[in-house]
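Now for the letters of each chain:
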Amino acid sequence: RCCFETVLLPFKQPIVQQPPIVVTFGSGNKLNKITMADEDNKRKKKRKSGKKKSSSRRSNTEEENAGLVMTGEAEYVPDGGDGGAVVVVDQEPFNGEDMSPAPVPEPEAMTADVGGGDEEGQHNGFTEDGLAVAMAVDAGEEDDYVYAAIEYDPDAKPPLHRNRRFRVYTCLAIVLVAAAVAVTVIYVTKGAKGVDEQFTDINVATLPTLEPTPSPLTNREQSGIIEQIEAGVLQRGAVFANMTVDDPRKMALEWILHYDQMQLNSDDVNLYQRYVLALLAFSLDSLAWYYCGNHRMVNANETVDFVQEDCDVLASTGVLESHKVWLSSADECEWYGAKCSSTDGVLRGLEMMGNDLIGELPPEISQLRFLQYIAFNGNCLYGNIPPEMGTMPNLLSLELQGNGLSGAIPEELNNADKLQLLNGAMQYQYPYQCAASDGRIVNTIFAKGNPENGYNWGLMGSTLGDNVNKWKSMKGLHLFDNSITGTISPSVGDLKYLVFLRVHNNAIQGLIPNEIVKLNKLREVYLFQNGVFGDFPPDIGLMEDLEDLRVHENEMWGFLPDTFWKLTKMKKLWLQDTLECEQDEADEWKCMRSRDKGFQGSISPEVGNMKKLSQLLLNNNPLTGTLPAELGNCKELSRLHIHQTFIEGVVPTEICLLRDEELFDHTGQIGVFYADCRPNNKTEDPYISCDCCSDCCDHTHGVCVADD
């Protein structure tokens, strides 16, 4: 016994055509008859028309107003004849117990005669207890639908997701959450780093242009920093709007605006200073520097810029010193190589020797107005020296030697009238390699470091011309190993503070001007390997501080002036290998060493006044006479070359005694005392007799043999 709702559950099963089974349900005194065939036809029509299923079985037609089956027990009630009816007997309210349907017997045990057979316990398809039973059917007949019953719970409610009110509230909640998330994202984006975006109204009615729409400006870009740097730092009429994104000037600006943690304002006193140093970092490939240039951190999944802060540098004392990385958040005065005054934080010097700087010096470096010295020697700089550097009012020292610079030394550089040291030496044929951060190999022996550009000829121009006297504070002028041309102007005599003049291995021509003798503070004069010709000024003895004079491998001649031997501070005197030059048919000059051309005369006994003399090189000159014994007063003499000359006689004992002093080779690799003490032309007597020479030479053939 249980409470059921009759529902059609379709499953195919062959059945036997039987007379319609009539089941009557009662509601009060009224009985309704329903045939199963009629119900089948009705449900098929409802399925085709798309109507919803009813929650309880109804009668054949709506007009008959059949009563609903109430909750209770279904019982068979005889009507006094052969038939009967199934009626619902009221029960207590359903309490949810015994919800499982009764087990269905096997087909063999459910055989019944619906037509009202005489078998025991059966009454027209019902048992004597009033329960309906199923009838066994034969297979093989046409298919039809079999009706089954499922358990029905009158208190059951539809699932929550089918509740219309629940779905409406859920959709509304999702919309509200999405709106809140969108507002939060917009607020955070606009507030990051204090950056506000300025949106521009777009006129959709206008036609599109070929130029890209400019990016929205930020607060930093509108703060006046760009205008300040353009007006106060950029040179040659440059503006940021015309620069590409990979221009070092533009990259330095982007760093100042967006990546520098100091976030300077347009009125900060060190804005120019910090920008120019950032520009140097981007222009000279700081990521490739040997010390303190790599601000980048490389992880397994990403590369992050401007995060490295500290670096260690091995000092000359062998101790590691701590410094700050360039483009770090620290004050620029703490960056490696930056030297600032302790009181006002103004940059006074830049020392980056041998640090693999790669690239061209930007002209904006001239806007470091208080910079006093620059030491960028021993790197891979190329290109020209910016003319703007001549406008630096406080520049005292400029050291650029040992790079790959080229082009003429700008005349504007002569306007740096406080300059005391200019060292642009060793640009020509100076081989040095640096590895750039992009993998390129930069070699200074080539123009701009690239073999495709051919060899680098170094610095050029008539640097010692008439404008040289503008360097009225100059003390050291080092321009050797370049391609300097022109002559030595008499204006050089106005450099009254000049101490060092090293311009050897260039293409300087002409005479040594007499005005040079006014430089009574001059200690070193290196003019060798040029095109200098003629003799010495007769008053050269007035240069009383002269210690080192080297004019070898030039086309000089004449007698040594008598005042020459009054240079009592002389330490090194190199007059050897005088050249004889001739012009060939192709108008090219061919020069070769000659013992028949060069300085003439004899060595004066006054040479003994040069008691500090350590090196006296006179070979390959047509000198005559004998070697004076007074040379023995030069106790510091360590090298003496008089071979390939016409000096004769016997080497004095006083000179031989110098072999027990300094006149010997401390390394055991080179000779120190050369003379033509070997048989001349293999058969003749030697030009000079020497019992203490380290090497004896054949005057005619020039062959020298160690004789120690």
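Fair warning: this is a prediction, and the values are worked out from it, not measured in the lab. (Residues numbered from 1 in each chain as written. Predicted model: local features only at pLDDT ≥ 70, side-chain atom pairs only at ≥ 80, totals over all residues. Heavy atoms only, no water.)

S.K.: Any chance you could break down the sheet that holds strand β33 (residues 555–556) for me, citing the residues and the numbers?
M.R.: Note on sheets: strands pair through backbone hydrogen bonds, and any given pair is parallel or antiparallel. Read across the sheet, 3 strands follow the order β29-β31-β33 without closing on themselves; strand pairing throughout is parallel. Every interior strand has two partners, whereas the edge strands, β29 (509–510) and β33, have only one. Of the strand pairs in this sheet, strand β31 (residues 531–534) and β33 are connected by 2 bridges, and their pairing is parallel. Bridged to F533 within β33 is E555. (Pairing = 2+ DSSP bridges. Helix = DSSP H or I, 4+ residues; strand = E, 2+ residues; numbered from the N terminus.)

S.K.: Break down the environment of G424 for me, with residues and values.
M.R.: Examined against the element boundaries, G424 turns out to sit in the loop between β23 (421–423) and β24 (433–435). Residue class for G424 comes out buried when judged on its relative accessible area of 3%. Spatially, the C-alpha atom of G424 lies 6.2 Å from that of H478, the residues being 54 residues apart in sequence. The residues touching G424, leaving out its near neighbours within four places in the chain, are Q401, L459, H478, L479 and N482. (Buried < 20%, exposed > 50% of the residue type's maximum accessible area, 1.4 Å probe, protein only. Contact = heavy atoms within 4.5 Å.)

S.K.: So what's going on with the packing of aromatic side chains? Which residues, and what values?
M.R.: For any pair of aromatic rings, the description consists of the separation of the ring centres together with the inter-plane angle of the planes. Per the stated rule, a full pass over the model turns up 15 aromatic pairs. Taking NZ or CZ as reference, R550 lies 4.1 Å from the ring centre of W574, over its face. (Phe/Tyr/Trp six-rings, centres within 6.5 Å; stacked < 30°, edge-to-face > 60°. Lys NZ or Arg CZ within 6 Å of the ring centre and 35° of its normal.)

S.K.: Provide a residue-level description of the confidence of the model for the protein chain, including the pertinent values.
M.R.: Mean pLDDT over the protein chain stands at 81; residues scoring 70 or higher make up 72%. Contacts of residues 1–35 to residues separated by more than four positions or lying in other chains number 91 contacts, the stretch itself having pLDDT below 50. Here residues 192–210 scores under 50 on pLDDT; set against residues more than four positions off or in separate chains, the count is 12 contacts. (pLDDT = per-residue confidence, 0-100.)

S.K.: How would you sum up the state of the cysteines? Please name residues and give values.
M.R.: A full pass over the atoms with the stated rule returns 8 disulfides. The disulfide partner of C333 is C340, and the gap between their sulfur atoms is 2.1 Å. Handedness of the C333-C340 disulfide follows from its S-S torsion of about -90°: it is left-handed. The side chain of C380 participates in a disulfide bridge whose partner is C434; the two sulfur atoms lie 2.0 Å from each other. Between C380 and C434, the S-S torsion sits near 85°, and that sign places the bridge as right-handed. Note that C380 is positioned in strand β19 (residues 380–383) and C434 in strand β24, a separation of 54 residues in sequence. (Disulfide = S-S within 2.5 Å.)

S.K.: Give me the lowdown on helix α4 (residues 248–259), citing residues and values where you can.
M.R.: Among all positions in α4, only K250, A252, L253, W255, I256 and L257 are buried. Against the buried residues of α4 lie α3 (225–232) and α5 (271–283). The residue sitting at the N-terminus of α4 and contributing the capping side-chain oxygen is D247; that oxygen lies 2.8 Å from the backbone nitrogen of R249. (Polar contact = N/O pair within 3.5 Å; in protein donor to acceptor, adjacent residues only side chain to side chain.)

S.K.: Account for a negative patch on the surface, with residues named and values stated.
M.R.: A contiguous patch of negative charge, built from E636, D660, E661 and E662, is present on the exposed surface. Within the element layout of this structure, E661 appears in the loop between α6 (653–656) and β42 (673–675). The class of E661 is partly exposed, set by a relative accessible area of 40%. (Patch = residues over 30% accessible without salt bridge, like charges linked within 9 Å, V, L, I, M, F, W, Y side chains within 5 Å. Areas by Shrake-Rupley, 256 points an atom, 1.4 Å probe, with all protein chains shown as cover. Salt bridge = Lys/Arg side-chain N within 4 Å of Asp/Glu carboxyl O. Lys, Arg positive; Asp, Glu negative; His and termini not counted. Charge placed at Lys NZ, Arg CZ, Asp CG, Glu CD.)

S.K.: Describe the nonpolar core, and please don't skip the residues or the numbers.
M.R.: The biggest cluster of nonpolar side chains holds 125 residues, and the ones touching the most others in it are Y275, F536 and F673. Of all elements in the fold, only α3, α4, α5, β13 (310–314), β16 (347–351), α6 and β42 reach the threshold of two or more residues within this core. Top element by residues in this core is α5. It accounts for 9 residues. When neighbours within four sequence positions are excluded, F536 is seen to be in contact with I512, L549, V551, M556, L560, P561, F564, L575 and F599. I358, C380, Y382 and C434 belong to the second largest nonpolar core, which has 7 residues in total. (Core = buried A, V, L, I, M, F, W, Y, C linked by side-chain atoms within 4.5 Å.)

S.K.: Describe the sheet that holds strand β17 (residues 358–359), naming the residues involved and giving the relevant values.
M.R.: Ordered in space as β17-β19-β21, the 3 strands form an open sheet in which the pairing is parallel. Looking at which strands have only one partner, the edges of the open sheet turn out to be β17 and β21 (404–405).

S.K.: Give a description of the environment of Q228 that names residues and reports values.
M.R.: Structurally, the position occupied by Q228 is in helix α3. Residue Q228 is classed as partly exposed on the basis of its relative accessible area of 30%. The spacing of Q228 and D267 is 39 residues in sequence and 8.6 Å in space, taken between C-alpha atoms. Leave out the neighbours within four places in its chain, and Q228 touches V233, S266, L271 and Y272. Polar contacts involving the side chain of Q228 include one to the side chain of Y272, which spans 3.1 Å.

S.K.: Go over unusual backbone geometry with me, naming the residues and quoting the values.
M.R.: At D481, a position not held by glycine, the phi torsion is positive, near 60°. Accessibility expressed as a relative area gives 18% for D481, which makes it buried. With a phi close to 55°, D577 is a non-glycine residue in the positive phi region.

S.K.: So what's going on with a nonpolar patch on the surface? Which residues, and what values?
M.R.: A surface patch of nonpolar side chains, about 260 Å² in accessible area, is lined by V177, V181 and V185. With respect to the helices and strands, V185 occurs in helix α2 (residues 164–191).

S.K.: How would you summarise the packing of α4 against α5 if you had to cite specific residues and measurements?
M.R.: As a packed pair, α4 and α5 sit with axes 8 Å apart at the nearest point and diverge in direction by 130°. Accordingly, the angle class assigned to the pair α4 and α5 is oblique. Helix-helix and strand crossings are classified by hand; for α4 and α5 the assignment is right-handed. Between α4 and α5, the residues in contact are P248, R249, M251, A252, L253, W255 and I256 and L271, R274, Y275, A278, L279, F282 and S283, respectively. Among the residues making up the contact of α4 with α5, the classes are represented as 11 nonpolar, 1 polar and 2 charged. (Axes fitted to C-alpha atoms, helices over the stretch in contact; angles between N-to-C directions. Parallel < 35°, antiparallel > 145°, perpendicular 65-115°, else oblique. Left-handed = near helix turned anticlockwise from the far one by under 90°. Nonpolar A, V, L, I, M, F, W, Y, C, P; charged D, E, K, R; others polar.)

S.K.: Which residues make up the pairing of strand β14 (residues 320–324), and what are the values?
M.R.: The pairing of β13 with β14 spans 5 bridges and is classified as antiparallel. Pairing of C311 across the sheet is with H323, part of β14. Between β13 and β14, which pair antiparallel in sequence order, lie 5 residues; one of them, G318, sits at a positive phi of approximately 85°.

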